[in-house]
Amino acid sequence: MVTAVRAGDVPRSQTWCKLLLYGNAGTGKTTASARLERPLIVESDPHAISVIRSTNPDAEVVLVQSSADVNEVVALLRGGTSTPTGLRVTWPGVKWRPGEKPPAGADARYKVLPRHATYRSVVFDSVGDVQRRMVQECVDGSASKDIASLHDYGVVVQKTIKLCNDLRDLPVHVVLLFHAEEVVVEDKRYIRPAIVGKRLPNILSGFVNVVAYLFKKEGAVTADGKPGRSKYLALTDGSEKWMTKAHAALPPMCSADLQRWINLMVDYKHAAPLIDMSDEVPAEEIPDADTLAQPEPEPAEHGPDELDVEHEKSQDDPDAAEVVRDAQERAAEKAKESKPVVVTGRRK
């Protein structure tokens with residue numbers, strides 16, 4: 001049964017914050033996320049585990065190397081139980097072949113007993129990397145193509161929306177991590193999350209409470225000529241150049257202390273405020289995004305009938321539909337240019 005309650009009556013322990021962070025490599029996204037309270041980090045890069053271990057040895061990590069791994073992890077999280085202390089997840093036991101020496105904790109049937117764990121936050125690192133794996137799986141799954149089709153990209157966009165929606169609905173704090181990229185529109189430069197799907201950053205920003213751009217400010221050289229300590233900062237409210245989504249409890253620019261962010265967002269009247277560092281770093285000194293090689297749809301040589309089929313398949317995805325329309329226009333122009341011209345009864 002559906003009912004309504006006062007926002008002030010919702011327990012603070014059951015108020016969950018959703019964050020979207022993006023930035024260049026080395027700007028502290030993974031490090032900041034690993035410092036959260038009782039985190040589960042869904043990690044696509046094995047090399048990031050050393051960073052997580054050095055930051056928070058107690059953080060739990062699950063490595064995902066395919067879309068099947070991602071689906072399995074999300075299913076386990078969605079099947080978890082919401083408790084006053086967080087999301088209780090049951091990880092399945094691992095089966096062992098007969099004749100093998102059972103590991104410590106295994107029962108007589110050579111199975112590792114299921115393990116229970118409770119999390120207060122879930123970090124997905126990173127969404128863009130998982131997208132690239134999805135695109136590659138589409139190519140590897142077909143023996144007749146070397147690049148992903150327009151329909152493949154449309155499917156990846158829809159899967160990404162579903163993935164982020166499922167994560168958003170979990171009864172825990174959720175952090176989605178992205179690399180950053182620079183796009184140019186009508187001679188204007190914009191910094192946004194690096195992801196396949198032109199409209200996808202705006203769609204995903206509607207799933208979260210805060211969108212922040214993380215960057216590193218190099219430390220000033222000391223009197224003895226040594227470089228000073230760098231500061232890792234977050235822009236939560238900037239000009240239209242950076243994609244941001246502000247929250248009333250957070251200053252426009254501050255340290256990337258995500259646990260303090262959450263404490264402020266949940267109970268800003270009693271939590272210690274963050275220092276606004278907007279005056280310390282002028283907008284013109286905020287670094288731009290690195291140039292990243294992102295997979296982009298490359299329209300193949302389609303005939304008119306094939307394009308119509310692709311168009312029907314992509315009606316539910318505005319990004320794929322726009323790419324298809326562009327491909328249709330180019331195909332029509334090409335057909336027009338190659339059409340034979342009849343002059344005085346002879347073909348030219």
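Calculation rules
Residues numbered from 1 in each chain as written. Predicted model: local features only at pLDDT ≥ 70, side-chain atom pairs only at ≥ 80, totals over all residues. Heavy atoms only, no water. Helix = DSSP H or I, 4+ residues; strand = E, 2+ residues; numbered from the N terminus. Buried < 20%, exposed > 50% of the residue type's maximum accessible area, 1.4 Å probe, protein only. Areas by Shrake-Rupley, 256 points an atom, 1.4 Å probe, with all protein chains shown as cover. Pairing = 2+ DSSP bridges. Axes fitted to C-alpha atoms, helices over the stretch in contact; angles between N-to-C directions. Salt bridge = Lys/Arg side-chain N within 4 Å of Asp/Glu carboxyl O. pLDDT = per-residue confidence, 0-100. Contact = heavy atoms within 4.5 Å. Phe/Tyr/Trp six-rings, centres within 6.5 Å; stacked < 30°, edge-to-face > 60°. Lys NZ or Arg CZ within 6 Å of the ring centre and 35° of its normal. Expected span 1.5 Å × (residues − 1). Arc of directions from axis to C-beta. Core = buried A, V, L, I, M, F, W, Y, C linked by side-chain atoms within 4.5 Å.

A. Structural context of the overall build of the protein chain. The helix and strand inventory of the protein chain stands at nine helices and 14 strands. A burial count over the protein chain gives 39% of its 348 residues as buried. Accessible surface for the protein chain amounts to roughly 19900 Å². Of this, 52% is attributable to carbon and sulfur atoms.

B. Geometry of the sheet that holds strand 4 (residues 81-83). What the three strands build is an open sheet, ordered 4-5-6; its pairing is antiparallel. Each edge of the open sheet is held by one strand with a lone partner, namely strand 4 and strand 6 (115-119). Put simply, the sheet's adjacent strands are angled 30 degrees from each other on average, direction ignored. For strand 5 (residues 86-91) and strand 6, the ladder comprises five bridges, and the chain directions are antiparallel. Note on strand 6: the bridge partner recorded for arginine 88 is threonine 118.

C. Examining the pattern of salt bridges more closely. Scanning the model with the defined rule gives 11 salt bridges in all. Between aspartate 9 and arginine 6 there is a salt bridge, and its shortest N-O distance comes to 2.7 Å. Given a relative accessible area of 56%, arginine 6 falls into the exposed group. A salt bridge links arginine 133 to aspartate 129; the shortest N-O distance between them is 3.8 Å. Placement of the pair is arginine 133 and aspartate 129 together in helix 4 (residues 127-140), with a separation of four residues, close to one helical turn.

D. The arrangement of the confidence of the model for the protein chain in detail. Across the protein chain, pLDDT averages 81, with 76% of residues at or above 70. Within the protein chain, strand 1 (residues 18-23) carries the highest mean pLDDT (97), whereas helix 8 (residues 304-313) carries the lowest (39). Segment residues 292-320: pLDDT under 50, and 47 contacts once partners within four positions in sequence are set aside and those in other chains are kept.

E. Spatial organisation of the packing of aromatic side chains. Tallied over the full model, the rule gives two aromatic pairs. Between tyrosine 22 and tyrosine 213 the ring centres are 5.2 Å apart and the planes differ by 45 degrees, which places this aromatic pair in the tilted class. With a gap of 191 residues between them, tyrosine 22 in strand 1 and tyrosine 213 in strand 10 (residues 210-217) connect regions that are remote in the sequence. Seen from their ring centres, tyrosine 213 and phenylalanine 215 are 6.2 Å apart, and the 20 degrees between their planes marks the pair as stacked. On the basis of relative accessibility, which here comes to 1%, the residue phenylalanine 215 falls in the buried class. Pairwise contacts between aromatic rings join Tyr22, Tyr213 and Phe215 into one cluster. Of note, arginine 168 hangs over the ring of phenylalanine 207, and the distance from its end group to the ring centre comes to 4.9 Å.

F. Spotlight on helix 7 (residues 258-266). Of all the residues in helix 7, the buried ones are Leu258, Gln259, Trp261, Ile262, Leu264 and Met265. Looking at the buried side of helix 7, the elements it contacts are strand 1, helix 1 (29-34), strand 8 (173-185), strand 10, strand 11 (231-235) and strand 12 (253-255).

G. Just helix 3 (residues 67-78), in detail. Here helix 3 is 12 residues long and its end C-alpha atoms lie 16 Å apart, about the 16 Å a rise of 1.5 Å per residue gives. Along helix 3, the positions that sit buried rather than exposed are Ser67, Val70, Val73, Val74 and Leu77. Projected down its long axis, helix 3 shows its buried positions confined to an angular sector of 125 degrees, all on one face. Check the buried side of helix 3 and you find it contacts strand 2 (39-43), strand 3 (60-63), strand 5, strand 7 (121-125), helix 4 and helix 5 (150-168).

H. Fine view of the nonpolar core. Counting residues in hydrophobic clusters, the biggest one holds 55 residues, and the most contacted among them are Tyr22, Phe124, Leu176 and Tyr213. Broken down by element, the residue count for this core peaks at seven residues, all from helix 5. Judged by nonpolar contacts, the second largest core, of 26 residues, contains Leu21, Ile52, Ala59 and Leu250.

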